[in-house]
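Examining the three-dimensional arrangement
Single-letter residue listing:
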Amino acid sequence: MPGRLQPALVLAALLALWLSPLGVLAGDEGGKASLVASIDEKAESYWEAALDIWHWAEPGYQEERSSQRLIGLLEAAEFKVERNVAGIPTAFVAEYGSGRPVIGVLAEFDALPGLSQKALPTQEAREDTSWGHGCGHHLFGVASTAAAVAIADRIRLGELSGTVRLYGTPAEEGGGAKVFMVRAGLFDDVDAVLHWHPGDSNAAGDPSNMARVAAKFRFRGKSSHAAAAPEEGRSALDAVNVMAHAAELMREHTPDMSRIHYVITAGGDAPNVVPNFAEVYYYVRHPDAGVAQDLYRRLLLCARAGALATETELEIEFLGGVYNVLPNTELTRVTLRNLRDQKPISYTADETAFAHELQQTLVSPRPLATVGVVSDRSGMVSKGSTDVGDVSWVVPTTGLRTATWVPGTPSHSWQATAAGGTTLGRKGMLLAARSIAATAWDLYLDPETLKAARRELDERLGRQAYKAMLEDGQPPPLEYRNPPKAN
(Lines give C-alpha, C1' and ligand atoms only; values in the text may rest on other atoms or scores of the structure.)
Protein backbone atom coordinates (compact mmCIF):
# COMPACT_ATOMS: atom_id res chain seq x y z
CA MET A 1 0.00 0.00 0.00
CA PRO A 2 1.25 3.53 -0.75
CA GLY A 3 2.83 5.26 2.25
CA ARG A 4 3.54 2.01 4.08
CA LEU A 5 6.74 -0.05 4.12
CA GLN A 6 6.39 -3.65 3.12
CA PRO A 7 7.18 -6.07 6.01
CA ALA A 8 9.89 -7.76 3.96
CA LEU A 9 11.67 -4.44 3.39
CA VAL A 10 11.46 -3.57 7.08
CA LEU A 11 12.89 -6.96 7.99
CA ALA A 12 15.74 -6.55 5.50
CA ALA A 13 16.60 -3.12 6.85
CA LEU A 14 16.62 -4.34 10.44
CA LEU A 15 18.74 -7.33 9.48
CA ALA A 16 21.29 -5.09 7.75
CA LEU A 17 21.45 -2.87 10.82
CA TRP A 18 21.86 -5.86 13.14
CA LEU A 19 24.60 -7.45 11.05
CA SER A 20 26.64 -4.27 10.72
CA PRO A 21 29.20 -3.40 13.44
CA LEU A 22 28.03 -0.90 16.05
CA GLY A 23 24.76 -0.49 14.20
CA VAL A 24 26.52 1.14 11.23
CA LEU A 25 24.84 0.21 7.96
CA ALA A 26 26.93 -1.95 5.68
CA GLY A 27 26.90 0.72 3.00
CA ASP A 28 28.95 2.95 5.27
CA GLU A 29 31.76 0.41 5.29
CA GLY A 30 32.71 1.55 1.80
CA GLY A 31 33.27 5.02 3.19
CA LYS A 32 35.50 3.60 5.90
CA ALA A 33 37.52 1.72 3.27
CA SER A 34 38.05 4.97 1.37
CA LEU A 35 39.04 6.67 4.61
CA VAL A 36 41.70 4.05 5.31
CA ALA A 37 42.92 4.09 1.72
CA SER A 38 43.41 7.86 1.83
CA ILE A 39 46.08 7.40 4.50
CA ASP A 40 48.04 4.98 2.34
CA GLU A 41 47.81 7.39 -0.60
CA LYS A 42 49.71 9.98 1.46
CA ALA A 43 52.02 7.47 3.12
CA GLU A 44 55.23 8.81 1.61
CA SER A 45 54.63 12.38 2.80
CA TYR A 46 53.80 11.12 6.29
CA TRP A 47 56.94 9.01 6.40
CA GLU A 48 59.04 12.00 5.35
CA ALA A 49 57.57 13.98 8.24
CA ALA A 50 58.28 11.16 10.70
CA LEU A 51 61.90 10.91 9.53
CA ASP A 52 62.34 14.66 9.93
CA ILE A 53 61.17 14.48 13.53
CA TRP A 54 63.31 11.35 14.10
CA HIS A 55 66.40 13.22 12.90
CA TRP A 56 65.66 16.37 14.90
CA ALA A 57 65.10 14.38 18.13
CA GLU A 58 64.11 17.41 20.20
CA PRO A 59 63.82 17.50 24.02
CA GLY A 60 60.51 17.95 25.81
CA TYR A 61 59.10 21.49 25.67
CA GLN A 62 61.77 22.35 23.09
CA GLU A 63 60.25 20.54 20.09
CA GLU A 64 59.94 23.69 17.97
CA ARG A 65 60.66 22.12 14.58
CA SER A 66 58.77 18.92 15.33
CA SER A 67 55.68 20.79 16.47
CA GLN A 68 55.76 23.06 13.43
CA ARG A 69 56.18 20.05 11.11
CA LEU A 70 52.91 18.57 12.32
CA ILE A 71 51.19 21.96 12.21
CA GLY A 72 52.27 22.29 8.58
CA LEU A 73 50.53 19.03 7.67
CA LEU A 74 47.39 20.11 9.49
CA GLU A 75 47.22 23.60 8.03
CA ALA A 76 47.66 22.13 4.55
CA ALA A 77 44.51 20.10 5.32
CA GLU A 78 42.66 23.31 6.32
CA PHE A 79 42.69 22.72 10.07
CA LYS A 80 42.32 25.75 12.30
CA VAL A 81 45.38 25.70 14.59
CA GLU A 82 45.75 27.39 17.97
CA ARG A 83 49.38 27.56 19.07
CA ASN A 84 51.00 28.10 22.46
CA VAL A 85 48.09 26.62 24.40
CA ALA A 86 48.20 26.17 28.20
CA GLY A 87 51.26 28.41 28.31
CA ILE A 88 53.38 25.89 26.40
CA PRO A 89 55.13 27.20 23.25
CA THR A 90 55.21 23.84 21.46
CA ALA A 91 51.69 22.72 22.42
CA PHE A 92 48.82 23.26 20.00
CA VAL A 93 45.23 22.31 19.23
CA ALA A 94 44.16 21.81 15.61
CA GLU A 95 40.49 21.51 14.70
CA TYR A 96 38.38 20.75 11.65
CA GLY A 97 34.60 20.62 11.34
CA SER A 98 31.90 21.83 13.70
CA GLY A 99 29.38 20.54 16.19
CA ARG A 100 29.16 17.23 17.99
CA PRO A 101 30.52 14.73 18.40
CA VAL A 102 33.99 16.04 19.13
CA ILE A 103 36.62 13.32 18.74
CA GLY A 104 40.11 14.15 20.00
CA VAL A 105 43.34 12.50 18.88
CA LEU A 106 46.57 12.83 20.85
CA ALA A 107 49.94 13.46 19.18
CA GLU A 108 53.34 13.30 20.92
CA PHE A 109 56.74 14.23 19.47
CA ASP A 110 59.43 14.57 22.17
CA ALA A 111 62.69 12.57 22.26
CA LEU A 112 64.79 11.06 25.05
CA PRO A 113 68.31 11.92 26.27
CA GLY A 114 71.20 9.50 25.83
CA LEU A 115 69.56 7.46 23.05
CA SER A 116 71.34 8.81 19.99
CA GLN A 117 71.40 6.02 17.40
CA LYS A 118 71.61 5.55 13.66
CA ALA A 119 69.05 3.41 11.82
CA LEU A 120 71.33 0.37 12.07
CA PRO A 121 70.97 -3.05 13.75
CA THR A 122 74.20 -2.48 15.71
CA GLN A 123 74.77 0.22 18.31
CA GLU A 124 76.22 3.33 16.71
CA ALA A 125 75.40 6.79 18.00
CA ARG A 126 74.86 9.72 15.69
CA GLU A 127 77.51 12.42 15.84
CA ASP A 128 75.10 15.35 15.70
CA THR A 129 72.97 14.68 18.80
CA SER A 130 72.84 12.80 22.09
CA TRP A 131 69.05 12.51 21.89
CA GLY A 132 66.98 9.84 20.20
CA HIS A 133 63.41 8.69 19.65
CA GLY A 134 63.65 5.60 21.84
CA CYS A 135 59.92 5.73 22.55
CA GLY A 136 58.82 6.32 18.96
CA HIS A 137 57.10 9.64 19.46
CA HIS A 138 58.14 10.75 15.97
CA LEU A 139 55.83 8.00 14.72
CA PHE A 140 53.18 8.74 17.32
CA GLY A 141 52.68 12.36 16.30
CA VAL A 142 52.63 11.73 12.57
CA ALA A 143 50.26 8.74 12.68
CA SER A 144 47.80 10.68 14.84
CA THR A 145 48.01 13.61 12.43
CA ALA A 146 47.42 11.31 9.46
CA ALA A 147 44.31 9.86 11.12
CA ALA A 148 42.95 13.32 11.93
CA VAL A 149 43.53 14.55 8.37
CA ALA A 150 41.77 11.48 6.95
CA ILE A 151 38.73 12.13 9.15
CA ALA A 152 38.72 15.81 8.17
CA ASP A 153 38.62 14.78 4.51
CA ARG A 154 35.45 12.71 5.13
CA ILE A 155 33.85 15.61 7.02
CA ARG A 156 34.67 17.87 4.10
CA LEU A 157 33.00 15.39 1.71
CA GLY A 158 29.89 15.28 3.87
CA GLU A 159 30.31 11.61 4.80
CA LEU A 160 30.74 12.44 8.49
CA SER A 161 29.52 15.29 10.66
CA GLY A 162 31.11 16.65 13.80
CA THR A 163 34.53 17.93 14.85
CA VAL A 164 37.94 16.27 14.78
CA ARG A 165 40.56 17.76 17.06
CA LEU A 166 44.28 16.96 17.06
CA TYR A 167 46.13 17.76 20.28
CA GLY A 168 49.83 18.45 19.90
CA THR A 169 51.13 17.38 23.31
CA PRO A 170 54.83 18.02 24.09
CA ALA A 171 57.06 16.61 26.79
CA GLU A 172 55.27 13.36 27.58
CA GLU A 173 58.57 11.95 28.88
CA GLY A 174 58.41 13.44 32.35
CA GLY A 175 57.18 16.92 31.46
CA GLY A 176 53.46 16.16 31.74
CA ALA A 177 52.18 18.69 29.19
CA LYS A 178 48.77 17.00 28.97
CA VAL A 179 48.22 17.67 32.68
CA PHE A 180 48.52 21.40 32.06
CA MET A 181 46.34 21.13 28.96
CA VAL A 182 43.64 19.32 30.94
CA ARG A 183 43.88 21.95 33.68
CA ALA A 184 43.41 24.65 31.02
CA GLY A 185 40.06 23.09 30.05
CA LEU A 186 41.13 22.08 26.55
CA PHE A 187 39.35 18.72 26.81
CA ASP A 188 36.15 19.90 28.49
CA ASP A 189 33.89 19.55 25.44
CA VAL A 190 35.36 16.34 23.98
CA ASP A 191 33.24 13.19 23.60
CA ALA A 192 36.10 10.71 23.22
CA VAL A 193 39.89 10.74 22.91
CA LEU A 194 41.95 8.29 20.86
CA HIS A 195 45.67 7.68 21.13
CA TRP A 196 48.26 5.05 20.33
CA HIS A 197 51.85 4.19 21.14
CA PRO A 198 54.72 2.51 19.30
CA GLY A 199 55.80 -0.88 20.61
CA ASP A 200 57.09 -4.32 19.66
CA SER A 201 53.63 -5.85 19.21
CA ASN A 202 50.09 -4.97 18.19
CA ALA A 203 47.44 -4.65 20.89
CA ALA A 204 44.37 -2.78 22.01
CA GLY A 205 42.47 -2.86 25.26
CA ASP A 206 43.89 -0.15 27.48
CA PRO A 207 45.64 -1.54 30.52
CA SER A 208 45.79 0.53 33.63
CA ASN A 209 49.26 1.71 34.56
CA MET A 210 51.31 3.60 37.12
CA ALA A 211 50.58 7.05 38.45
CA ARG A 212 53.80 9.04 38.82
CA VAL A 213 55.15 11.99 40.80
CA ALA A 214 58.42 13.67 39.78
CA ALA A 215 60.72 16.19 41.44
CA LYS A 216 64.28 17.46 41.39
CA PHE A 217 66.12 17.91 44.70
CA ARG A 218 68.96 20.42 44.81
CA PHE A 219 71.41 20.67 47.69
CA ARG A 220 73.79 23.57 48.28
CA GLY A 221 76.76 23.30 50.62
CA LYS A 222 80.24 24.84 51.00
CA SER A 223 83.31 24.22 48.87
CA SER A 224 86.74 23.58 50.32
CA HIS A 225 89.89 21.60 49.59
CA ALA A 226 88.84 17.98 50.06
CA ALA A 227 92.24 16.99 51.48
CA ALA A 228 93.70 20.12 53.08
CA ALA A 229 90.53 21.50 54.69
CA PRO A 230 87.71 18.93 54.56
CA GLU A 231 86.30 20.19 57.85
CA GLU A 232 85.54 23.52 56.20
CA GLY A 233 83.36 21.92 53.54
CA ARG A 234 79.73 20.84 53.55
CA SER A 235 79.20 18.36 50.72
CA ALA A 236 76.06 18.67 48.63
CA LEU A 237 76.91 15.29 47.12
CA ASP A 238 76.92 13.76 50.59
CA ALA A 239 73.41 15.15 51.03
CA VAL A 240 72.30 13.38 47.85
CA ASN A 241 73.88 10.15 49.07
CA VAL A 242 72.15 10.36 52.44
CA MET A 243 68.82 10.99 50.71
CA ALA A 244 69.38 8.11 48.31
CA HIS A 245 70.32 5.75 51.15
CA ALA A 246 67.24 6.72 53.12
CA ALA A 247 65.08 6.14 50.02
CA GLU A 248 66.66 2.69 49.54
CA LEU A 249 65.80 1.77 53.13
CA MET A 250 62.26 3.04 52.56
CA ARG A 251 61.74 0.56 49.70
CA GLU A 252 61.26 -2.32 52.15
CA HIS A 253 58.31 -0.51 53.65
CA THR A 254 56.41 0.50 50.52
CA PRO A 255 53.26 -1.12 49.08
CA ASP A 256 53.50 -3.75 46.37
CA MET A 257 53.94 -2.37 42.84
CA SER A 258 55.74 0.74 44.13
CA ARG A 259 58.61 2.05 42.03
CA ILE A 260 61.24 4.58 43.12
CA HIS A 261 64.04 5.51 40.73
CA TYR A 262 66.45 8.37 40.28
CA VAL A 263 69.47 9.81 38.51
CA ILE A 264 72.11 12.14 39.94
CA THR A 265 72.20 15.00 37.45
CA ALA A 266 74.96 16.98 39.20
CA GLY A 267 77.46 15.81 41.79
CA GLY A 268 80.52 18.00 41.68
CA ASP A 269 83.32 18.69 39.23
CA ALA A 270 86.53 17.39 40.83
CA PRO A 271 87.28 14.88 43.61
CA ASN A 272 89.60 17.31 45.40
CA VAL A 273 86.88 19.96 45.73
CA VAL A 274 84.04 19.40 48.20
CA PRO A 275 80.93 19.78 45.98
CA ASN A 276 78.91 22.84 46.90
CA PHE A 277 76.06 21.84 44.57
CA ALA A 278 74.38 18.55 43.73
CA GLU A 279 71.06 17.59 42.19
CA VAL A 280 69.11 14.33 42.11
CA TYR A 281 66.01 13.70 39.96
CA TYR A 282 63.39 11.27 41.34
CA TYR A 283 60.27 9.47 40.12
CA VAL A 284 57.88 7.62 42.42
CA ARG A 285 55.18 5.41 40.91
CA HIS A 286 52.24 3.27 41.94
CA PRO A 287 49.03 2.12 40.20
CA ASP A 288 47.04 4.23 42.67
CA ALA A 289 47.59 7.98 42.39
CA GLY A 290 46.92 8.48 46.09
CA VAL A 291 49.60 5.96 47.04
CA ALA A 292 52.08 7.61 44.67
CA GLN A 293 51.44 10.96 46.33
CA ASP A 294 52.00 9.47 49.77
CA LEU A 295 55.27 7.88 48.61
CA TYR A 296 56.37 11.30 47.45
CA ARG A 297 55.53 12.72 50.89
CA ARG A 298 57.83 10.13 52.44
CA LEU A 299 60.54 10.87 49.89
CA LEU A 300 60.48 14.50 51.01
CA LEU A 301 61.42 13.30 54.49
CA CYS A 302 64.43 11.49 53.02
CA ALA A 303 65.50 14.69 51.28
CA ARG A 304 65.19 16.74 54.44
CA ALA A 305 67.20 14.11 56.30
CA GLY A 306 69.98 14.50 53.73
CA ALA A 307 70.06 18.27 54.20
CA LEU A 308 69.89 18.01 57.99
CA ALA A 309 72.67 15.43 58.25
CA THR A 310 75.07 17.38 56.03
CA GLU A 311 74.19 20.96 57.02
CA THR A 312 73.28 21.84 53.45
CA GLU A 313 70.38 23.82 52.03
CA LEU A 314 67.61 22.00 50.18
CA GLU A 315 65.64 23.30 47.21
CA ILE A 316 62.85 21.24 45.64
CA GLU A 317 61.51 21.66 42.11
CA PHE A 318 58.20 19.82 42.05
CA LEU A 319 57.56 18.77 38.46
CA GLY A 320 54.04 17.49 39.06
CA GLY A 321 52.39 14.14 38.75
CA VAL A 322 50.36 12.11 36.29
CA TYR A 323 47.39 9.87 36.98
CA ASN A 324 47.01 6.21 36.14
CA VAL A 325 45.03 5.51 32.97
CA LEU A 326 41.33 4.72 33.39
CA PRO A 327 40.42 2.06 30.78
CA ASN A 328 37.18 2.29 28.83
CA THR A 329 35.83 -1.04 27.61
CA GLU A 330 33.08 0.55 25.51
CA LEU A 331 35.69 2.30 23.38
CA THR A 332 38.19 -0.56 23.56
CA ARG A 333 35.92 -3.00 21.74
CA VAL A 334 35.70 -0.54 18.82
CA THR A 335 39.45 0.04 18.71
CA LEU A 336 40.30 -3.65 19.02
CA ARG A 337 38.00 -4.62 16.17
CA ASN A 338 39.36 -1.92 13.88
CA LEU A 339 42.97 -2.85 14.63
CA ARG A 340 42.18 -6.47 13.79
CA ASP A 341 40.39 -5.46 10.59
CA GLN A 342 43.51 -3.88 9.10
CA LYS A 343 45.98 -5.73 6.94
CA PRO A 344 48.55 -7.27 9.33
CA ILE A 345 52.21 -6.27 9.35
CA SER A 346 54.70 -8.54 7.63
CA TYR A 347 58.43 -8.13 6.98
CA THR A 348 60.26 -8.14 3.66
CA ALA A 349 63.46 -10.16 3.28
CA ASP A 350 65.59 -7.08 4.01
CA GLU A 351 63.51 -6.19 7.05
CA THR A 352 63.77 -9.75 8.31
CA ALA A 353 67.55 -9.67 7.98
CA PHE A 354 67.68 -6.36 9.88
CA ALA A 355 65.42 -7.76 12.59
CA HIS A 356 67.43 -10.96 13.03
CA GLU A 357 70.68 -9.01 13.38
CA LEU A 358 69.20 -6.58 15.86
CA GLN A 359 67.70 -9.43 17.89
CA GLN A 360 71.23 -10.66 18.60
CA THR A 361 71.53 -7.66 20.94
CA LEU A 362 68.25 -8.24 22.81
CA VAL A 363 67.82 -9.99 26.14
CA SER A 364 64.38 -11.45 25.35
CA PRO A 365 63.78 -11.62 21.59
CA ARG A 366 60.44 -12.99 20.37
CA PRO A 367 59.42 -14.65 17.09
CA LEU A 368 59.19 -12.20 14.22
CA ALA A 369 55.80 -13.62 13.22
CA THR A 370 54.25 -11.90 16.24
CA VAL A 371 54.25 -8.61 14.32
CA GLY A 372 51.21 -9.99 12.47
CA VAL A 373 49.24 -10.78 15.64
CA VAL A 374 46.85 -8.49 17.52
CA SER A 375 46.25 -9.10 21.23
CA ASP A 376 43.83 -7.72 23.81
CA ARG A 377 45.55 -6.13 26.82
CA SER A 378 42.38 -5.40 28.76
CA GLY A 379 42.72 -5.94 32.49
CA MET A 380 46.51 -5.64 32.56
CA VAL A 381 48.53 -3.18 34.62
CA SER A 382 51.42 -1.63 32.74
CA LYS A 383 54.56 -0.62 34.64
CA GLY A 384 54.97 2.64 32.74
CA SER A 385 53.39 6.05 33.25
CA THR A 386 51.91 8.60 30.87
CA ASP A 387 50.09 11.90 31.07
CA VAL A 388 47.39 10.28 28.92
CA GLY A 389 46.18 9.15 32.33
CA ASP A 390 45.01 12.65 33.22
CA VAL A 391 43.07 12.91 29.96
CA SER A 392 41.37 9.58 30.70
CA TRP A 393 40.04 10.92 34.01
CA VAL A 394 38.08 13.70 32.26
CA VAL A 395 37.20 12.20 28.85
CA PRO A 396 36.45 8.62 27.76
CA THR A 397 39.79 7.54 26.32
CA THR A 398 41.17 4.51 24.53
CA GLY A 399 44.37 3.59 22.74
CA LEU A 400 46.28 0.92 20.91
CA ARG A 401 49.84 -0.21 20.23
CA THR A 402 51.40 -1.30 16.97
CA ALA A 403 54.64 -3.08 16.16
CA THR A 404 57.12 -0.38 15.15
CA TRP A 405 60.10 -2.19 16.71
CA VAL A 406 61.55 -5.68 16.41
CA PRO A 407 59.70 -8.15 18.71
CA GLY A 408 61.38 -8.25 22.10
CA THR A 409 62.70 -4.67 21.91
CA PRO A 410 62.29 -2.68 25.13
CA SER A 411 61.19 0.92 24.88
CA HIS A 412 63.71 3.63 25.81
CA SER A 413 66.52 1.67 24.15
CA TRP A 414 68.90 2.30 21.28
CA GLN A 415 67.30 -0.67 19.50
CA ALA A 416 63.92 1.08 19.58
CA THR A 417 65.52 4.27 18.24
CA ALA A 418 67.14 2.32 15.40
CA ALA A 419 64.01 0.46 14.31
CA GLY A 420 61.95 3.64 14.46
CA GLY A 421 64.11 5.13 11.72
CA THR A 422 63.50 2.22 9.33
CA THR A 423 60.56 0.86 7.34
CA LEU A 424 59.66 -1.27 10.37
CA GLY A 425 58.64 1.97 12.07
CA ARG A 426 56.83 3.13 8.95
CA LYS A 427 54.66 0.01 8.78
CA GLY A 428 53.62 0.26 12.41
CA MET A 429 52.95 3.99 12.06
CA LEU A 430 50.61 3.50 9.11
CA LEU A 431 48.80 0.62 10.82
CA ALA A 432 48.17 2.90 13.80
CA ALA A 433 46.92 5.74 11.59
CA ARG A 434 44.49 3.46 9.74
CA SER A 435 43.19 1.90 12.96
CA ILE A 436 42.64 5.22 14.73
CA ALA A 437 40.89 6.72 11.71
CA ALA A 438 38.64 3.66 11.35
CA THR A 439 37.79 3.77 15.05
CA ALA A 440 36.89 7.45 14.82
CA TRP A 441 34.71 6.71 11.78
CA ASP A 442 32.66 4.22 13.79
CA LEU A 443 32.30 6.59 16.72
CA TYR A 444 31.04 9.45 14.56
CA LEU A 445 28.32 7.17 13.25
CA ASP A 446 27.37 5.64 16.58
CA PRO A 447 26.44 8.20 19.25
CA GLU A 448 25.14 5.45 21.53
CA THR A 449 28.64 4.06 22.02
CA LEU A 450 29.87 7.53 22.95
CA LYS A 451 27.08 7.86 25.52
CA ALA A 452 27.88 4.42 26.93
CA ALA A 453 31.58 5.33 27.14
CA ARG A 454 30.72 8.46 29.13
CA ARG A 455 28.54 6.43 31.49
CA GLU A 456 31.38 3.97 32.00
CA LEU A 457 33.83 6.75 32.85
CA ASP A 458 31.39 8.22 35.35
CA GLU A 459 30.93 4.80 36.96
CA ARG A 460 34.69 4.24 37.21
CA LEU A 461 35.17 7.64 38.80
CA GLY A 462 32.35 7.17 41.28
CA ARG A 463 32.80 9.88 43.89
CA GLN A 464 36.43 10.46 43.01
CA ALA A 465 37.02 13.99 41.78
CA TYR A 466 39.89 14.67 39.41
CA LYS A 467 42.36 17.26 40.65
CA ALA A 468 45.61 17.70 38.79
CA MET A 469 48.70 16.75 40.80
CA LEU A 470 50.06 20.27 40.51
CA GLU A 471 50.68 23.05 42.95
CA ASP A 472 48.33 26.01 42.79
CA GLY A 473 49.31 28.18 39.85
CA GLN A 474 52.23 25.90 38.96
CA PRO A 475 53.54 26.73 35.47
CA PRO A 476 54.70 24.06 33.01
CA PRO A 477 58.35 23.12 33.72
CA LEU A 478 59.58 24.34 30.36
CA GLU A 479 63.26 23.99 31.31
CA TYR A 480 63.11 20.56 32.95
CA ARG A 481 65.38 19.09 30.26
CA ASN A 482 68.03 21.77 30.68
CA PRO A 483 71.27 20.98 32.55
CA PRO A 484 71.16 21.87 36.26
CA LYS A 485 72.51 25.25 37.33
CA ALA A 486 74.46 25.64 40.55
CA ASN A 487 73.39 29.26 40.98
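Reference entry: report on the structure contained in this document. (Residues numbered from 1 in each chain as written. Predicted model: local features only at pLDDT ≥ 70, side-chain atom pairs only at ≥ 80, totals over all residues. Heavy atoms only, no water.)

Side note on the sheet that holds strand E8 (residues 202-204)
Across the sheet, eight strands lie side by side as E1-E2-E6-E3-E7-E14-E8-E13; this open sheet has mixed pairing. Looking at the sheet topology across the chains shown, the edges are occupied by strand E1 (80-83) and strand E13 (374-376). Averaged over all adjacent pairs, the angle separating strand axes in this sheet is 20°, with direction ignored. Here six bridges tie strand E2 (residues 92-97) to strand E6 (residues 163-168), and the two strands are oriented antiparallel to one another. Bridge pairing in E6 places Val-93 opposite Tyr-167. The strands touched by helix H4 (residues 64-76) within the sheet are E1, E2, strand E3 (102-107) and E6, with E1 carrying the most contacts at an inclination of about 155°. Helix-sheet contacts for helix H9 (residues 329-341) involve strand E7 (192-199), E8, E13 and strand E14 (397-403), and the interaxial angle to E14 is about 25°. (Pairing = 2+ DSSP bridges. Helix = DSSP H or I, 4+ residues; strand = E, 2+ residues; numbered from the N terminus. Axes fitted to C-alpha atoms, helices over the stretch in contact; angles between N-to-C directions. Contact = heavy atoms within 4.5 Å.)

So, unusual backbone geometry
The peptide bond linking Arg-100 to Pro-101 adopts the cis configuration, its omega dihedral lying at 0°. Considering the arrangement of structural elements, one finds Pro-101 in the loop between E2 and E3. Phi is positive for Met-257, close to 75°, though the residue is something other than glycine. Here Met-257 is to be found in the loop between helix H7 (236-250) and strand E10 (259-266). Given the relative accessible area of 30%, Met-257 is considered partly exposed. Phi is positive for His-412, which is not a glycine, with a value near 60°. Following the sequence through the fold, His-412 ends up in the loop between E14 and helix H12 (414-420). When its relative accessible area of 39% is taken as the criterion, His-412 is described as partly exposed. (Buried < 20%, exposed > 50% of the residue type's maximum accessible area, 1.4 Å probe, protein only.)

Notes on H4
The end-to-end C-alpha distance of H4, which contains 13 residues, comes to 18 Å, matching closely the 18 Å that a straight helix rising 1.5 Å per residue would cover. If you check which residues of H4 are buried, you get Ser-66, Ser-67, Leu-70, Ile-71, Leu-73 and Leu-74. With its buried residues spanning 155° around the axis, H4 presents them on a single face. Of the residues in H4, the exposed ones pointing more than 90 degrees away from the buried face are Glu-64 and Ala-76. Here the buried face of H4 lies against helix H3 (43-56), E1, E2, E3, helix H5 (137-156) and E6. Of the residues trailing H4, Glu-78 is marked for its positive phi of about 70°. (Expected span 1.5 Å × (residues − 1). Arc of directions from axis to C-beta.)

Some details on the packing of H3 against helix H13 (residues 423-444)
The N-to-C vectors of H3 and H13 enclose an angle of 120°; their axes lie 11 Å apart at closest approach. In terms of orientation, H3 and H13 fall into the oblique class. Helix-helix and strand crossings are classified by hand; for H3 and H13 the assignment is right-handed. On the side of H3, the interface is formed by Ala-43, Glu-44, Tyr-46, Trp-47 and Ala-50, while H13 contributes Thr-423, Gly-425, Arg-426, Met-429 and Leu-430. (Parallel < 35°, antiparallel > 145°, perpendicular 65-115°, else oblique. Left-handed = near helix turned anticlockwise from the far one by under 90°.)

Some words on the packing of aromatic side chains
Under the counting rule described, the total for this entry stands at eleven aromatic pairs. Aromatic side chains Tyr-323 and Trp-393 sit 4.6 Å apart centroid to centroid with 55° between the ring planes, which places their arrangement in the tilted category. Residue Tyr-323 is found in the loop between strand E12 (313-322) and H9, and its partner Trp-393 is found in the loop between helix H11 (388-392) and E14; the two are separated by 70 residues along the sequence. Residue Tyr-323 shares its accessibility class with Trp-393, and that shared class is buried. Here Tyr-323 and Tyr-466 contribute two aromatic rings whose centre-to-centre distance is 5.0 Å and whose plane-to-plane angle is 50°, an arrangement assigned as tilted. Placement of Tyr-323 in the loop between E12 and H9 and of Tyr-466 in the segment after helix H14 (447-461) is noted, with a sequence separation of 143 residues between them. Tyr-323 sits in the buried class, given a relative accessible area of 8%. One aromatic cluster in this structure is built from Phe-217, Tyr-262 and Tyr-282. We note Arg-126 situated over the ring of Trp-54; from NZ or CZ to the ring centre the distance is 5.5 Å. (Phe/Tyr/Trp six-rings, centres within 6.5 Å; stacked < 30°, edge-to-face > 60°. Lys NZ or Arg CZ within 6 Å of the ring centre and 35° of its normal.)

Let's talk about the nonpolar core
One recurring pattern in soluble globular proteins: nonpolar side chains tend to sit buried together. Phe-79, Phe-92, Val-164 and Met-429 are the most contacted members of the largest nonpolar core, which has 72 residues in total. The next biggest cluster of nonpolar side chains, apart from the first, holds 33 residues, and it includes Ala-244, Ala-247, Leu-300 and Leu-461. (Core = buried A, V, L, I, M, F, W, Y, C linked by side-chain atoms within 4.5 Å.)

Quick look at the side chain of Asn-202
By the element assignment, Asn-202 lies in strand E8. Only 2.6 Å separates the side chain of Asn-202 from the backbone oxygen of Val-371, close enough to count as a polar contact. Reaching out from Asn-202, the side chain makes a polar contact with the backbone nitrogen of Ala-403 at a distance of 2.8 Å. (Polar contact = N/O pair within 3.5 Å; in protein donor to acceptor, adjacent residues only side chain to side chain.)

Some points on the pattern of salt bridges
Throughout the structure, instances matching the rule amount to 32 salt bridges. For the salt bridge of Glu-108 with Lys-178, the shortest nitrogen-to-oxygen distance reads 2.7 Å. Linking Glu-108 in the loop between E3 and strand E4 (112-113) with Lys-178 in helix H6 (residues 177-183), this pair joins segments that are 70 residues apart in sequence. Residue Lys-178 is classed as buried on the basis of its relative accessible area, which comes to 0%. (Salt bridge = Lys/Arg side-chain N within 4 Å of Asp/Glu carboxyl O.)

A word on the pairing of strand E9 (residues 211-220)
Most of E9 sits inside the fold, with nine of its ten residues counted as buried. Both E9 and strand E11 (residues 277-286) contribute to a ladder of ten bridges, which runs antiparallel. Directly across from Ala-215, in E11, lies its bridge partner Tyr-282.

Let's talk about the environment of Thr-449
Its place among the elements puts Thr-449 in helix H14. Side chain to side chain, Thr-449 and Asp-446 meet in a polar contact 2.3 Å long.

Section: H14
Since one α-helical turn is 3.6 residues long, residues separated by three or four positions face the same way. Here H14 spans 21 Å end to end across 15 residues, near enough to the 21 Å set by a 1.5 Å rise per residue. Along H14, the positions that sit buried rather than exposed are Thr-449, Leu-450, Ala-452, Ala-453, Glu-456, Leu-457 and Leu-461. Packing partners of the buried residues in H14 comprise E3, E7, H9, H11 and H13. Where H14 terminates, the next one or two residues include Gly-462, which has phi positive at roughly 55°.

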